[in-house]
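Spelled out from the first residue to the last, the chains are:
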Amino acid sequence: IYLSKTLSGTIMKSSITQIERRFGLTSSTVGFVDGSFEMGNLLVIAFVSYFGAKLHRPKVIAAGCFTMAVGSFLTAMPHFFMGYYKYETSHTASSANSTSSINPCSLHQGVNETFLCKLSSAGCEKEPSSYMWIYILLGNMLRGIGETPITPLGISYLDDFAKEENVPVYVGMMGPMFGFLLGSLCARLYVDIGFVDLGSITITPQDSRWVGAWWLGFLIGGVISLLAAIPFCFLPKSLKKPKANNDQTSYGLLENIGSIEKKLTAAKPKPRKWSVILKDFCTSLKKVLSNRMYFTFMCCSLLQFNSFIGFLTYKPKYMEQQYGQSTAKSNFLIGLTSLPPVGLGIFLGGLLMKKYKMSIIGATKFAFSMSFVAYLLTLLHFFVGCENQVVAGMTVSYQGKPIPYHENDIFSECNSDCKCSSNVWDPVCGDNGVTYVSACLAGCTASVGQGKNTVFHNCSCIEASSSWTGNNSATLGQCPKSEDCSMKFIYYTVIQVISGFCYALGGTPAYMIMFRCVQPELKSLAVGLYTLIMRMLAGIPAPVYFGALIDKTCLKWGSTSCGHQGACRLYDSNAYRYVYLGLSAVLRGPSYLIAVLFYILMKKHYQNKDCKPIENGGREDAPVNKEDNCKIKECLPGSTDAENESCI
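Residues numbered from 1 in each chain as written. Predicted model: local features only at pLDDT ≥ 70, side-chain atom pairs only at ≥ 80, totals over all residues. Heavy atoms only, no water.

- Per an unreviewed UniProt entry, the chain carries the name Solute carrier organic anion transporter family member and comes from Melopsittacus undulatus.
- UniProt, in the comment section headed Subcellular location (unreviewed entry), describes the chain in these words: "Cell membrane".
- We quote the UniProt Sequence similarities (unreviewed entry) comment for the chain here in full: "Belongs to the organo anion transporter (TC 2.A.60) family." (UniProt positions renumbered as here; feature names shortened; annotations may be inferred.)

1. Regarding the side chain of Ser-591
Reasoning step 1: Relative to the elements of secondary structure, Ser-591 occurs in helix α21 (residues 573-607).
Reasoning step 2: Apart from residues no more than four positions distant in its own chain, Ser-591 is found in contact with Cys-300, Leu-303 and Gln-304. (Helix = DSSP H or I, 4+ residues; strand = E, 2+ residues; numbered from the N terminus. Contact = heavy atoms within 4.5 Å.)

2. Focus: the sheet that holds strand β1 (residues 428-430)
Reasoning step 1: Taken in spatial order, the 5 strands line up as β2-β1-β5-β4-β3 in an open sheet, and their pairing is antiparallel. Of all strands in the sheet, those with a lone pairing partner are β2 (435-436) and β3 (446-448), marking the two edges. (Pairing = 2+ DSSP bridges.)

3. What about the state of the cysteines?
Reasoning step 1: Under the defined criterion, the tally for this structure stands at 6 disulfides.
Reasoning step 2: The disulfide that involves Cys-414 links it to Cys-461, with 2.0 Å between the sulfurs. Disulfide Cys-414 to Cys-461: torsion about the S-S bond roughly 90°, handedness right-handed. Taken together, the positions of Cys-414 in the loop between α16 (360-378) and β1 and Cys-461 in helix α17 (residues 460-463) put the pair 47 residues apart, joining distant regions of the chain.
Reasoning step 3: Overall, Cys-414 belongs to the buried group, its relative accessible area being 16%.
Reasoning step 4: Between Cys-420 and Cys-440 runs a disulfide, and the two sulfur atoms are separated by 2.0 Å. Every disulfide takes its handedness from the sign of the S-S torsion; for Cys-420 and Cys-440 that torsion is -85°, giving left-handed. Here the residue Cys-420 occupies a position in the loop between α16 and β1, and Cys-440 occupies one in the loop between β2 and β3, the gap between them amounting to 20 residues. Like Cys-440, Cys-420 is buried. (Disulfide = S-S within 2.5 Å. Buried < 20%, exposed > 50% of the residue type's maximum accessible area, 1.4 Å probe, protein only.)

4. Side note on the pattern of salt bridges
Reasoning step 1: What the rule picks out here adds up to 9 salt bridges.
Reasoning step 2: The closest approach of N and O atoms between Arg-535 and Glu-38, which form a salt bridge, is 3.2 Å. Placement of Arg-535 in helix α19 (residues 523-539) and of Glu-38 in helix α3 (residues 27-51) is noted, with a sequence separation of 497 residues between them.
Reasoning step 3: According to the relative accessible area criterion, Arg-535 is buried, its value standing at 0%. (Salt bridge = Lys/Arg side-chain N within 4 Å of Asp/Glu carboxyl O.)

5. Here we look at the pairing of strand β6 (residues 554-559)
Reasoning step 1: Counted residue by residue, β6 has 5 buried out of 6 residues, so it is predominantly covered.
Reasoning step 2: With 4 bridges joining them, β6 and strand β7 (residues 565-571) adopt antiparallel strand pairing. Residue Cys-554 lies in a different strand from β7, and its bridge partner there is Tyr-571.

6. A word on the packing of aromatic side chains
Reasoning step 1: One pass over the structure, following the stated rule, counts 27 aromatic pairs.
Reasoning step 2: With a centroid separation of 5.0 Å and 55° between ring planes, the pair formed by Phe-308 and Tyr-503 is classed as tilted. Here Phe-308, found in helix α13 (residues 292-313), pairs with Tyr-503, found in helix α18 (residues 483-514); they are 195 residues apart in sequence, far enough to count as distant. Each member of the pair, Phe-308 as well as Tyr-503, is classed as buried.
Reasoning step 3: When the ring of Phe-372 is compared with that of Tyr-375, the centres are 6.3 Å apart and the planes differ by 35°; the resulting orientation is tilted. (Phe/Tyr/Trp six-rings, centres within 6.5 Å; stacked < 30°, edge-to-face > 60°.)

7. As for the packing of helix α1 (residues 2-14) against helix α4 (residues 57-76)
Reasoning step 1: At a minimum axis separation of 11 Å, α1 and α4 run at an interaxial angle of 25°. One element, α1, and the other, α4, form an angle in the roughly parallel class. Between α1 and α4 lies a crossing whose hand is left-handed. Across from Ser-4, Lys-5 and Ser-8 in α1, the residues of α4 making contact are Cys-65, Met-68 and Ser-72. (Axes fitted to C-alpha atoms, helices over the stretch in contact; angles between N-to-C directions. Parallel < 35°, antiparallel > 145°, perpendicular 65-115°, else oblique. Left-handed = near helix turned anticlockwise from the far one by under 90°.)

8. Let's talk about unusual backbone geometry
Reasoning step 1: A positive phi angle is found at Lys-357, which is not glycine, with a value near 45°.
Reasoning step 2: Tracing the backbone through its elements, the reader meets Lys-357 in the loop between α15 (327-356) and α16.
Reasoning step 3: For Asn-458, which is not glycine, the phi dihedral falls at a positive 55°.
Reasoning step 4: With respect to the secondary-structure elements, Asn-458 resides in the loop between β4 (455-457) and α17.

9. Regarding the packing of helix α20 (residues 541-551) against α21
Reasoning step 1: Contact pair α20 / α21: the axes reach a minimum separation of 9 Å and the direction vectors enclose 150°. Considered as vectors, α20 and α21 are oriented roughly antiparallel to each other. Taken as a pair, α20 and α21 cross one another with a handedness that is right-handed. Residues Tyr-545, Phe-546, Leu-549 and Ile-550 of α20 pack against Tyr-576, Val-579, Tyr-580, Leu-583, Ser-584 and Leu-587 of α21.
Reasoning step 2: Taken together, the residues of the contact of α20 with α21 break down into 9 nonpolar, 1 polar and no charged. (Nonpolar A, V, L, I, M, F, W, Y, C, P; charged D, E, K, R; others polar.)

10. A word on a nonpolar patch on the surface
Reasoning step 1: Judged by side-chain polarity, Phe-66, Phe-73, Val-223, Leu-226, Leu-227, Ile-230 and Phe-234 come together as a nonpolar surface patch covering roughly 630 Å² of accessible area.
Reasoning step 2: Of all elements in the fold, only α4 and α10 (214-232) reach the threshold of two or more residues within the nonpolar patch.
Reasoning step 3: Relative to the helices and strands, Leu-226 resides in helix α10. (Patch = residues over 30% accessible without salt bridge, like charges linked within 9 Å, V, L, I, M, F, W, Y side chains within 5 Å. Areas by Shrake-Rupley, 256 points an atom, 1.4 Å probe, with all protein chains shown as cover.)

Quick look at the structure:
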């Protein structure tokens, strides 16, 4: 079940770009869709936290899994009601059986453009609504509702009635890796595979119009959730707990989380009046929020979470736009190179804490140092970016000279004899290494071949290029990035691996720190409040405002069959890099200033304490014991997959 939960979450992350293109959405809108998971989670988290432990836990978990499965199926549903995907194209040479030569320059000669717009609008009315993406939002929200009981109730149930084993959680941690690899596989397959003649498709996975089989991942995730739920329907409410090994000194993840959950849910106080409960709650809330260490830690975490969630959401898209990678390859590399070092870092971080018996102050210094080293490493990303794609009329003039940002003009003297559409994005790569928005705008007057192998000849704009004396031909698709860009992508990947490992190394002690900031009886409230704040102020808004700023760097918007604005086809690579990496760095940077303040407060607090055993308040030089180590993951039961990935 934990595997299916994490798998479904990362399938959504890996499908963001595909959904954006299929439904013609902006990055900010698709960010809002992604954040709907957090909204669904928040709707029921209070109910599940209060009533979950009192009900039949296995059946509540099964119900959550069934709900997740329904949410996954609902997310995939629009694919089966929208008809076939129609990407933008300006020529009719896409038919596999076509052998006639097409003149792109004369396709629209003598045709009234107003008539074409009216014809397009008339055909648009018969198509399914462009608001089908709302079903994806609702499905993702439903998946968030279903996910809520799985971690807290599942782990507390295992802790109560099973041997102390770490395998289930470590298997569950493989979910994100499998999710990105599955997302990569689906992105390689055309969206309408099995329903259309693939020979007639003129675009490749590297094309910004390509949409993979995004729906397939959600169907697979839904089936896995459904199958995982069935056994839980037959588990009893309580079982006999096997005898545990009293000599065991494991610092296991599952054991640690379970012991926390047991403490938080095992106590059953006598019923009290609501007025008394409310008064106690307000008093406890005031105590938690007035705790300077806790409040400082929460502010630091909030900035970090905003940075990480926005960064992770658009990471595949950044790799596509900056380095010319396909969606499939981006997801594959994230699953294979980014996540394993992170998992290794978490594991080694726990081992280091155990071996060197870190004190609470030592753990704080270690977590801060590793996080700051990772931050400095990520700043190197600014120096390994690629230059803008060379697109005539967009980033360079038709003579090959660079033009200022947003001062582009796709029309020129060389294509003035052609009546070309300015809205269509159907790029061709000239023999001179320059990409043209369409064959018509390249001034091409003849074509040979069919499907993906179509070649355009007699292109006047290639001939007009000041530094070109070769053939005046062009092939379908954008020109590939330079070899220098390919090398920079390797550097980018290496930096990602090292920085991810360093941050994860300090992630384990970082979890422990918050729970030493508050009194033992307030830990449950501290966890709940922390989770609520992170979701409301980071999980939901971060993808939206990151997406909104990314939209500002778009150079060429696509157009739908209805003539409306579609997804962005071409970004200003330099502006995209500075906005995406800059916003992440600006959010994360000040968090280290707050972290310094937090360290000063914590050191002052523990120095003023009397030398008592660690469990009664703590001595600065005392090692963190087993109970303290288990507190490091206390926020997991209420955390989202994105938060858990962000923490590491």
